[in-house]
Structure formats: C-alpha cells, structure tokens
Amino acid sequence: MGSLCCLMNKISSEAENVQRKVGETMINDLPDDLLVQILLLVPTKDAVATMILSKRWLSIWTMMSKLNYKDNKKIIDSECKSVWQFLDKSLKIHKAPVLESISVHLGRQCPVDEDVGKWITNVIDRKVCELFFTLNWSPKPIKLPDSLYTCHTLVHLRLSRKILVELVSHSYLPSLTRLDLKCVFFKDEDSLVRLLSGCHNLKDLYVKRHIEDNVKNFKVKVSSLKFLVYVYEKNHSIEYTRGSLVIDSYALTKVIVYDNSGDSCTIENTPHLDKASIFVMCYPGGKFMFSSLIFFDVHLNIATVRVDISLTVTFVPSGYISNDHLCSDYIHCRLSVVPLLISLSL
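Everything in this summary refers to the structure shown in the same document.

### Section: the environment of Leu148
Turning to step 1, where the next piece is worked out: One can find Leu148 in the loop between β4 (142–143) and β5 (156–161).
Turning to step 2, where the next piece is worked out: On the basis of relative accessible area, Leu148 is assigned to the buried category, the value being 0%.
Turning to step 3, where the next piece is worked out: Distance in space between the C-alpha atoms of Leu148 and Ile120 is 7.1 Å, their sequence separation being 28 residues.
Turning to step 4, where the next piece is worked out: Each residue touching Leu148, except ones within four places of it in the same chain, is listed here: Ile120, Ile124, Leu131, Leu154, Leu157, Leu159 and Leu173.

Below you can see the structure in the form of structure tokens.
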C-alpha cells in the first residue's frame, strides 16, 4: 500500500512538471508584442523582475509603453528605500520609442539630495503622451525641466504637491487637452499665465489650490477650455490676504467652483456655458455674466450676505428662480434659463 502511495505521488509530481513545462513553452512561443501586453497588466516593478527568467525576457519589459512608479505611502520608515532608485535605473535601459503613459509618485522616502526631476527630460524624448507626477517629500518644491512646458506630444499632464511651476517664457503644449494642477506652487502669477497661454487645445482643467501657492489673483483665460473644476479650501486659522478668481474662457460649457477662501469671483465671456455649480464661503463683489446658461446652482454662506456682500447674476437672455430656499448655513439658489431678461442680486 505504501509503495502504491509513493508511486501515485511520483506520477502526480511528474504530471505537474509536465504541465509547468507545457505552460512555459506556450508562453515562450508567444510573440514579443503579446508578451508586452501581458506585462502591462502587472505592476511595473513586477514586470521588470521578469528579466531574470531567461535571455529572451531580458528586454521584453523595456518595450512597455506604460510605466507606473509609486512609493508606498503607508511606509514612512527612513530606512525603507524609495522607488526613485528603481525608476532612475530602469528608465536608463527602457527602449520603447513612444511612451504612452508614465506615472511617478515619490514620497517621504525619496532622497532629498537627488535630482528627482531629471527623468522628465528622458520621457519627453520618448514622445510621452500622459505624464503624472506627484512629489510628497519634505524639502522645498522643485522646478521641473523647461522642456516639459514645450512638449509637443503631451495630451494629459498632472502635477501634484511639491512642484514649482516656473516659466520665464510662454509654454507651448499644442496637444494638451487635459491639465491637472493639484496643490502645486507657482513662482509667481506670471508663471500661471504663461503656462495656460500656451495650451491652445486644452479642454479640461482641474485646479486644487492651497494658501501657499504664491498666487493672489488666479485667472483662467483659455479660449478652448470646455470644463473647469476649481477647488480652494482655506484653513481660516492662517492669516490670508483676499484675492480673486477670474474665469474668462469663451468655449466653456461647464464649471464647478468650490471656494471657501473669501476671494472674489468673476465669470464672464462664456456664451456657451450651460451648467455652473458654485459653492462659496464668501464672494465680495462677485459677478457672474451668462448668456446661454441652462442650469445654475449656487450656495452662499449666510454670514456672507449679512455683511453686505453682493452677488450679481445677469442673463442675456436670462432666467427665473425655480427653487430658492434657506438652509441651515447657506442660501441656495437654483435657476433655469428662459428667454426673459432678469438680473438677480443677493
């Protein structure tokens, strides 16, 4: 009986070996292009690790068109290595002629004495289409290579956290259709203007601001822009000089503004705008001028109204108040456009 069990185990083991070899043979028989597509389904670090499998696999991963490098934000141990070293080394041997997408998220583990922005020059030379960069470290914000702002192939750019947007001349991003700026820093207001002025095909803009971004008067003037999300959450325990938000984008069709900073806001020259959602703490002298609005939803803090702050909404043609009621902390007005001229003041 014991001999029979040993025989069965041996047969089972041999069968597993045969299945494994058959599986390996089938995978190895696949063309390189298909193997690259398979590697795109796993994390970049695991894909690079396949280079140790065999001589053929040594270069398969280098043709991947999408790369993702991310520090583990749950690990803050200073002895834990950053993905930066891996990123720096792997990009030097990466061979794909066109890089569709690269996402880099560096955390507190990233060494402060490294030029963590140099990889951008590398990927721009690869005709990168989507570039996402988040820098969550403790040192001061870093300036990125000037070539980033003149990249002809960029379609989607996302910059987050400790990144300094500094432009001494106008940008030129002819292919860019979406731009995300999340809690970045600007050298000055001119840098913001120069960045947006070169985005001639920009359709979607997402902005999340913070009080130390060095911009007092934030102006969005992009003729091609269709959708804008603007978020500005201010800590009221910090002393703050009020500024302004000016939206002047001819093609804009939808805008969402969430702002508790107390800045004034002006929306003008938007003949195609059909939906606006405004949630504000306080807009002194706020003015909204619409000519084609279909839906307008505005929330104002009651304290704002009580200190004689005015909001003027003008429609040409304009609308009527379809729902106007008082909530616990906010006045909420919802309007729908009809071909009647009306001006609303709060």
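### A word on the environment of Leu135
Turning to step 1, where the next piece is worked out: Mapped onto the elements, Leu135 comes out in strand β3 (residues 130–135).
Turning to step 2, where the next piece is worked out: With residues up to four places along the chain from it excluded, the contact list for Leu135 reads Leu106, Val116, Ile142, Ser160, Arg161, Lys162 and Ile163.

### Regarding the environment of Asp263
Turning to step 1, where the next piece is worked out: Topologically, Asp263 is positioned in the loop between β13 (254–259) and β14 (264–268).
Turning to step 2, where the next piece is worked out: When its relative accessible area of 0% is taken as the criterion, Asp263 is described as buried.
Turning to step 3, where the next piece is worked out: C-alpha separation for the pair Asp263 and Ser244, spaced 19 residues apart in sequence, amounts to 4.8 Å.
Turning to step 4, where the next piece is worked out: Here the side chain of Asp263 touches Gly243 through a polar contact of 2.8 Å, landing on its backbone nitrogen.

### A look at the nonpolar core
Turning to step 1, where the next piece is worked out: By size, the foremost hydrophobic cluster in this structure holds 74 residues, and its most contacted members are Ile102, Trp119, Leu131, Phe133, Leu148 and Leu159.
Turning to step 2, where the next piece is worked out: Contact partners of Phe133, with chain neighbours within four places excluded, come to Val104, Leu106, Val116, Trp119, Ile120, Ile142, Leu144, Arg158, Leu159, Ser160 and Ile163.

### Some thoughts on the pattern of salt bridges
Turning to step 1, where the next piece is worked out: Under the criterion given, the structure shown has seven salt bridges.
Turning to step 2, where the next piece is worked out: In this structure, the salt-bridge partner of Asp88 is Lys92, at a minimum N-O distance of 3.9 Å. A residue pair is termed a helical-turn pair when its members lie 3 or 4 positions apart in one helix, as Asp88 and Lys92 do in helix α4 (residues 84–93) at four residues.
Turning to step 3, where the next piece is worked out: A residue is classified by how much of its surface remains accessible, and Asp88, at 18% relative accessible area, is buried.
Turning to step 4, where the next piece is worked out: One salt bridge connects Asp213 with Arg209, and the closest N-O pair in it is separated by 2.8 Å. We note that Asp213, like Arg209, is buried.
Turning to step 5, where the next piece is worked out: Residues joined in a network through salt bridges with shared partners are Asp88, Lys92 and Lys118.

Conventions used here
- Residues numbered from 1 in each chain as written.
- Predicted model: local features only at pLDDT ≥ 70, side-chain atom pairs only at ≥ 80, totals over all residues.
- Heavy atoms only, no water.
- Helix = DSSP H or I, 4+ residues; strand = E, 2+ residues; numbered from the N terminus.
- Buried < 20%, exposed > 50% of the residue type's maximum accessible area, 1.4 Å probe, protein only.
- Contact = heavy atoms within 4.5 Å.
- Polar contact = N/O pair within 3.5 Å; in protein donor to acceptor, adjacent residues only side chain to side chain.
- Core = buried A, V, L, I, M, F, W, Y, C linked by side-chain atoms within 4.5 Å.
- Salt bridge = Lys/Arg side-chain N within 4 Å of Asp/Glu carboxyl O.

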